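Architecture and fold: a report
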Amino acid sequence: MAGQPRDRGSRASRKGRSARAGPAAAPPPASDPDPAAGEDAADELEERLLKRLDEAYAAALARLADLGHSEEASLEAVLRAGHCYGKLNDPVSNIVANARNYLSDPGHAGGVGGFADLRRLEEYSLAGLVCLLQSSRPTLTRGEALWCLLSSDLRLEEAIAI
């Protein structure tokens, strides 16, 4: 309806899936989608990147546990400060470094902000990466930006250089 705000729910909820359930299990595609092929290809790229982000956040949580942080404290730190981009070379290292900075601040307890669950954090992280990439390369379509991020394994500087 004109003048009415659009529902901006998560892609998972718009597709009828629970945001907490994660992406539906699907066999890997026979070939990589063409980023110029349209929205269906972009949606496939997005799902693949969300799966990769889910793996990165799981690896970061495991690394934080290996460093002696409790599961509860690690999850809180990741949900509040676990950005997947930063000065380090890969998403997992950035997530761990940002979470450790959060954990090392004695004033972090009881703070506000953060995400309710990892899926929402992953969706916003991907949206942020696409936005940052498109701000550096304004001619990229959403599909092309997603393709660059997939090709660079979510490394923003490499995606910009593609």
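Up top you'll find the structure we're talking about.
The rules behind the values
- Residues numbered from 1 in each chain as written.
- Predicted model: local features only at pLDDT ≥ 70, side-chain atom pairs only at ≥ 80, totals over all residues.
- Heavy atoms only, no water.
- Core = buried A, V, L, I, M, F, W, Y, C linked by side-chain atoms within 4.5 Å.
- Buried < 20%, exposed > 50% of the residue type's maximum accessible area, 1.4 Å probe, protein only.
- Helix = DSSP H or I, 4+ residues; strand = E, 2+ residues; numbered from the N terminus.
- Phe/Tyr/Trp six-rings, centres within 6.5 Å; stacked < 30°, edge-to-face > 60°.
- Axes fitted to C-alpha atoms, helices over the stretch in contact; angles between N-to-C directions.
- Parallel < 35°, antiparallel > 145°, perpendicular 65-115°, else oblique.
- Left-handed = near helix turned anticlockwise from the far one by under 90°.
- Contact = heavy atoms within 4.5 Å.
- Nonpolar A, V, L, I, M, F, W, Y, C, P; charged D, E, K, R; others polar.
- Salt bridge = Lys/Arg side-chain N within 4 Å of Asp/Glu carboxyl O.

1. Describing the nonpolar core
Of all hydrophobic cores here, the largest spans 33 residues; its most connected members are Tyr-57, Val-78, Ile-95, Leu-126, Leu-133, Leu-146 and Leu-149. Counting only elements with at least two residues in this core, the list comes to helix H2 (39-66), helix H3 (71-81), helix H4 (91-104), helix H5 (118-136), helix H6 (142-151) and helix H7 (156-161).

2. Some words on the packing of aromatic side chains
Scanning the model with the defined rule gives one aromatic pair in all. Ring centres of Phe-115 and Tyr-124 lie 5.4 Å apart, and the angle between their planes is 50 degrees; this geometry places the pair in the tilted category.

3. A look at the environment of Ala-41
Tracing the sequence through the fold places Ala-41 in helix H2. According to the relative accessible area criterion, Ala-41 is buried, its value standing at 8%. Separated by 102 residues in the primary sequence, Ala-41 and Gly-143 place their C-alpha atoms 7.2 Å from one another.

4. Re unusual backbone geometry
For Asp-153, which is not glycine, the phi dihedral falls at a positive 55 degrees. When you line up the elements, Asp-153 lands in the loop between H6 and H7. Although it is not a glycine, Leu-154 adopts a positive phi angle of roughly 70 degrees. Tracing the backbone through its elements, the reader meets Leu-154 in the loop between H6 and H7.

5. As for the packing of H2 against H6
Contact geometry of H2 with H6 gives a least axis separation of 9 Å together with a crossing angle of 30 degrees. Between H2 and H6, the angle is such that the two are roughly parallel. Note that H2 runs across H6; the crossing there is left-handed. The segment H2 lies against H6, with Glu-39, Ala-42, Asp-43, Leu-45, Glu-46, Arg-48 and Leu-49 engaging Arg-142, Gly-143, Leu-146, Trp-147, Leu-149 and Leu-150. Here the contact of H2 with H6 is built from residues that sort into seven nonpolar, one polar and five charged.

6. Describing the pattern of salt bridges
One pass over the structure, following the stated rule, counts nine salt bridges. Note that Arg-142 and Asp-43 form a salt bridge whose closest N and O atoms lie 3.5 Å from each other. In this pair, Arg-142 is assigned in helix H6 and Asp-43 in helix H2, connecting sequence segments 99 residues apart. Residue class for Asp-43 comes out buried when judged on its relative accessible area of 13%. One salt bridge connects Arg-119 with Glu-47, and the closest N-O pair in it is separated by 3.7 Å. Taken together, the positions of Arg-119 in helix H5 and Glu-47 in helix H2 put the pair 72 residues apart, joining distant regions of the chain. This pair shows no difference in class: Arg-119 is buried, exactly as Glu-47 is. Here the salt bridges share partners, and the residues they tie into one network are Glu-47, Arg-119, Arg-120 and Glu-123.

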